[in-house]
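# Examining the three-dimensional arrangement
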Amino acid sequence: MTKAGTIYLVGAGPGDRDLLTLRAARLIERTEVIVHDGLVSKDILAMARPDAQLISVAKNRARHTLPQENINALLIREAKAGRDVIRLKGGDPLIFGRGGEEAEDARAAGVPVEIVPGVSAANGAAAATQIALTHRDASSIVSFVAGQCKGLSDQDWSGLAGKGRTLVIYMGVKTAPQIAEKLMADGLAPDVPLAIVENAARTNMRVLRGPLAGLPDLVEAEQVKSPALIIIGEVTARDDHTLIKTAHAAAGTETAQ
Ligand code: SAH
């Protein structure tokens, strides 16, 4: 019997390839099969060896994402055929990345699986904008929630946002009106400050700010597109806004001094 390959669930970070871990970079450079989603930047895919097989499971307008069970089956099939395979995802595989499901299926199939963490969008956005997710004077709790998932209105977010707390919402662009409504219904003040970070840690990053009550209009007026994060809390009103341009420009340079 062929010795099974390993499935590597690898985080590609928010986009900029300098934010890959060394372990992720080494694996990308040597692995024969790479199954990636749409959030992984071209620069990162370009690091693959020339004969690597790159398989996209990206969502596009014409078709939905490959169903999760098909992706899991694909990974297992490749590994059982003796090939190492990378499942390469934006950010971190274990934060809204379905890495848990892929790892469970791989373990159930008896295939070795390893997980390589990545810089999650929240961490990438925080660094690029210099918005501190926690700050001794402003926030000692940070929560990550998904803004677009089954039964958004049934989810209990009460207590996750407000004084002394930071709430980071992934996948919240389309549901921005429901999100603002939900948080205000939970008692959050309409003037709580927020920032929307679109394309965080990429050369086309945009940062928009406003109060909670204005979130739906801001998304609409500025035509915010995915991928974007919504960060809610006092920490978004503390950073020096003039620094953002500098941080943004620096992210595009090759060397960090
Ligand atoms: N595993 C990923 C999250 C995948 S869910 C991670 O850890 O970052 C997809 C959502 O992540 C997007 O809808 C968006 O809300 C967020 N996201 C991913 N990359 C981003 C980026 N570069 N800038 C802003 N948000 C991003």
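Above: the structure in question.
Along each chain, numbering runs from 1 in the same order as the chain's sequence is written. Per-residue local features of the predicted model are confined to residues with pLDDT of at least 70, and side-chain atom pairs are confined, for both listing and counting, to 80 or more; whole-chain, interface and lining totals are unaffected and use all residues. Heavy atoms throughout the structure, all of them, feed into the side-chain values; hydrogens and water do not.

It is worth spelling out the nonpolar core at this point. Nonpolar cores were defined as sets of buried Ala, Val, Leu, Ile, Met, Phe, Trp, Tyr and Cys residues, with membership established by side-chain atoms within 4.5 Å. Burial classification: accessible surface area is computed with a 1.4 Å probe over protein chains only, and a residue below 20% of its type maximum counts as buried, one above 50% as exposed, and the rest as partly exposed. Ile169, Leu183, Ile196, Leu215 and Ile232 are the most contacted members of the largest nonpolar core, which has 24 residues in total. For this core, the elements supplying multiple residues, two or more each, are strand 7 (164–170), helix 6 (176–185), strand 8 (193–198), helix 7 (215–221) and strand 10 (228–232). Here this core takes four residues from helix 6, the largest share from any one element. Residues Ala24, Ile34, Val40 and Ile44 belong to the second largest nonpolar core, which totals 18 residues. Every helix listed is a DSSP run of H or I at least four residues long, and every strand listed is a run of E at least two residues long, numbered separately from the N terminus.

As a further point, take the packing of aromatic side chains. Centre distance and the angle of the planes are the two values used to describe a pair of aromatic rings. Geometry of aromatic contacts follows a simple scheme: Phe, Tyr and Trp rings, the Trp one being its six-membered ring, pair when their centres are within 6.5 Å, and the pair is stacked under 30 degrees between planes, edge-to-face over 60, tilted otherwise. All told, the structure shown has two aromatic pairs when counted by the stated rule. Put simply, a charge is over a ring when the Lys NZ or the Arg CZ is close to the ring centre, within 6 Å, and near the line of the ring normal, within 35 degrees. Here Lys182 stacks its cationic end above the ring of Trp157, 5.3 Å away from the centre of that ring.

What follows deals with the site of the ligand. With respect to spatial proximity, 19 residues lie near the ligand, and among them Ile95, Ser120, Ala121, Met171 and Ala228 are the closest. Contact between the ligand and Pro14: a nitrogen atom at 3.0 Å from a main-chain N or O atom of the residue. Any N or O atom pair separated by 3.5 Å or less is treated as a polar contact, with the protein-specific requirement of one donor-capable and one acceptor-capable atom, and with residues adjacent in sequence counted only for side-chain atom pairs. Met171 places a polar main-chain atom, nitrogen or oxygen, 2.8 Å from an oxygen atom of the ligand. Protein chains shield 93% of the accessible area of the ligand, which is 540 Å² for the free molecule. Looking at the shell around the ligand residue by residue, the classes come out as twelve nonpolar, five polar and two charged. Each of two domains, domain 1 (7–116) and domain 2 (121–251), supplies a minimum of three residues to the shell around the ligand. Working definition: residue near molecule or strand if any one of its non-hydrogen atoms lies within 4 Å of it. The accessible surface values rely on the Shrake-Rupley method and a 1.4 Å probe; as for residues, cover is taken only from the protein chains in view. Only Asp, Glu, Lys and Arg are considered charged in this grouping, and only Ala, Val, Leu, Ile, Met, Phe, Trp, Tyr, Cys and Pro are considered nonpolar; every other residue, Gly among them, is considered polar. Where each domain starts and ends follows an automatic or database-derived domain assignment.

So, about the packing of helix 3 (residues 68–80) against helix 4 (residues 99–108). Simply put, an axis is a line fit to the C-alpha atoms, just over the touching stretch for a helix, and the angle between two N-to-C directions goes from 0 to 180 degrees. The geometry of helix 3 relative to helix 4 is characterised by a closest axis approach of 10 Å and an angle of 50° between their N-to-C directions. Here helix 4 runs oblique to helix 3, going by the angle between their axes. Classified by chirality, the crossing of helix 4 by helix 3 is right-handed. Here Gln68, Ile71, Asn72, Leu75 and Ile76 of helix 3 come into contact with helix 4, specifically with Glu101, Glu102, Asp105 and Ala106. When an angle is under 35 degrees it counts as roughly parallel; over 145 it counts as roughly antiparallel; between 65 and 115 it counts as roughly perpendicular; any other value is oblique. Rotating anticlockwise by less than a right angle from the far helix to the near helix defines a left-handed crossing, while the corresponding clockwise rotation defines a right-handed one. By definition in these notes, contact holds between two residues if any of their heavy atoms fall within 4.5 Å.

Let us now look at the side chain of Arg87. The residue Arg87 is located in strand 4 (residues 85–89) in this model. Among all residues touching Arg87, those that are not within four sequence positions of it are Tyr8, Leu9, Val10, Val35, His36, Asp37, Val57, Ile71, Leu75 and Glu102.

For patch building, the residue pool is restricted to those with more than 30% relative accessible area and no salt bridge; the joining distance is 9 Å between like charges and 5 Å between nonpolar side chains (Val, Leu, Ile, Met, Phe, Trp, Tyr). Definition used for salt bridges: Asp or Glu carboxyl oxygen within 4 Å of a side-chain nitrogen of Lys or Arg. Asp and Glu count as negative and Lys and Arg as positive, but His and the ends of the chain are not part of the count. All charge positions are set by atom: Lys at NZ, Arg at CZ, Asp at CG, Glu at CD. Negative charge collects at one region of the surface, where Glu69, Glu101, Glu104 and Asp105 lie side by side. The greatest single-element share of the negative patch, amounting to three residues, is contributed by helix 4. Along the chain, the position of Glu104 falls in helix 4.

Geometric values such as these leave the question of function open.
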